[in-house]
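One letter stands for each residue in the lines below.
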Amino acid sequence: MGPVTANRKRKWKIILLLALVVAGVGAVRASWIAMNERSRSQIAVIGTLSVDYIIDPTDARWRAAPFAEDFDVTSSSTIILKNGNYLYEAGPPFPGGPFSVIRVNGASPDSFAVDTDDTLLTVAGGYFGMLDSSGTTVDAVPLPGEQMRLAHSALKGVIYLYGGAPGDYRLYSFAENGAFRILLQVEQPIVSVADSRESVYVATATRIFRLRHDHAELLLDMAGVNAGGPLSSVAVTSEDDVVFFSAGARVYALRGAGALSIVNNSGGALRLRGETLYVLDAARSLVYALHPATSALFQKGTQ
């Protein structure tokens, strides 16, 4: 079956009433630096949502280089991330759990993701492959375009690739049996992909599309809506009942036609594993986990 062209589908817009919280922390004396660092690691969250800090700005290990956009979480809750030109893994308990550099023979991956078996898949130099225990990329195959990125799938033996050229950006699914499909074509660059067992969610800077049964629909249109910044990431619960997305320095939860701001002073790349939502806020050098990331957020009394 050919690709689904999203622009041909009937579009509908959810009007969001977003309560914007603006907070600023300033320091004018060198003696205030430590206080400022602590303030930078404070996350304003909704109701009973708990925050576990994995990496914060006071951790000297991460001050030398910026974080890359990609990160992922294994089935054992180990965080894999890229800082500068190196891949790292940080394991629970957080903070203070085991920490190590992931050996990579050759160039550092341009993009990476883990599959449901915790295999580390990579894109490097225009090739898609798998990183083995020795740090060697194996089974590498050439990709259809440059600057392709990877995204985790909840489906066993499946991974997503996305990228393209101006006016023609595509989402592909790649199965371990070699099956390769184009799932979606859009005019805006794709910034994030996530899935449940029923649906695939694709985010651009202003829109979120939902793919289900080879049909694409516009789930959310943020054009003209002041949500704090462009969309940067999307995640979805395994039940397919709540979609999380980040826009600027905020994280939102979407259920049906209702949206909720669940983090008011931080945003970035999102990964959902079980009932835990992991957030990489590269601008603030933060990685943290939110729990429980479920439909319980919309229950009366939790807001």
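Scroll up to find the structure this text is about.
The rules behind these values
Residues numbered from 1 in each chain as written. Predicted model: local features only at pLDDT ≥ 70, side-chain atom pairs only at ≥ 80, totals over all residues. Heavy atoms only, no water. 1 Å grid on protein atoms, 1.4 Å probe; cavity = no way out; pocket = protein on both sides within 12 Å on 5 of 7 lines; lining within 4 Å. Points joined across faces, edges and corners; volume = space filled by probe spheres on them. Helix = DSSP H or I, 4+ residues; strand = E, 2+ residues; numbered from the N terminus. Nonpolar A, V, L, I, M, F, W, Y, C, P; charged D, E, K, R; others polar. Core = buried A, V, L, I, M, F, W, Y, C linked by side-chain atoms within 4.5 Å. Buried < 20%, exposed > 50% of the residue type's maximum accessible area, 1.4 Å probe, protein only. Contact = heavy atoms within 4.5 Å. Pairing = 2+ DSSP bridges. Axes fitted to C-alpha atoms, helices over the stretch in contact; angles between N-to-C directions.

J.: Quick rundown of the layout of surface pockets? Include the residues and the values.
T.: Its boundaries defined by the atoms lining it, the largest pocket holds a volume of some 860 Å³. Taken together, 48 residues line the largest pocket, and the ones lying closest to its centre are Ser233, Val234, Leu270, Arg271 and Leu272. Of all the elements in the fold, those that place two or more residues in the lining of the largest pocket are β3 (67-73), β11 (149-151), β15 (192-195), β19 (231-236), β23 (269-273) and β24 (276-281). Counted by class, the lining of the largest pocket contains 21 nonpolar, 16 polar and 11 charged residues.

J.: So what about the nonpolar core? Which residues, and what values?
T.: In terms of nonpolar packing, the biggest core is built from 20 residues, with Phe244, Ile262, Leu277, Leu290 and Leu297 touching the most fellow members. When contributions to this core are tallied by element, the ones reaching two or more residues are β21 (250-255), β22 (258-263), β23, β24 and β25 (286-291). Excluding anything up to four places from it in sequence, leucine 290 contacts Val45, Leu49, Ser50, Val51, Ile262, Val263, Glu275, Thr276, Leu277 and Val279. Judged by nonpolar contacts, the second largest core, of 17 residues, contains Val186, Val193, Phe209 and Leu211.

J.: Hey, could you go over the sheet that holds strand β18 (residues 215-221) for me, with residue numbers and the actual values?
T.: Taking strand neighbours across the sheet as the criterion, the 4 strands line up as β15-β16-β17-β18 in an open arrangement whose pairing is antiparallel. Looking at which strands have only one partner, the edges of the open sheet turn out to be β15 and β18. Strand after strand, the sheet turns through a mean of 20 degrees between neighbouring axes, direction not considered. In this structure, β15 lies alongside strand β16 (residues 200-203), joined through 4 bridges in antiparallel fashion. Pairing of alanine 194 across the sheet is with tyrosine 201, part of β16.

J.: An account of unusual backbone geometry is requested, with residue identities and associated values reported.
T.: A cis amide bond links phenylalanine 94 to the next residue, proline 95, at an omega of -15 degrees. Turning to its location among the elements, proline 95 is positioned in the loop between β5 (86-90) and β6 (99-102). Backbone torsion omega between histidine 291 and proline 292 reads -5 degrees, so that peptide bond is classified as cis. Assignment of secondary structure puts proline 292 in the segment after β25. Its identity is not glycine, yet aspartate 118 carries a phi of approximately 70 degrees, on the positive side. Position of aspartate 118 relative to the elements: it lies in the loop between β7 (111-114) and β8 (120-124). Non-glycine residue histidine 213 carries a positive phi angle of around 55 degrees.

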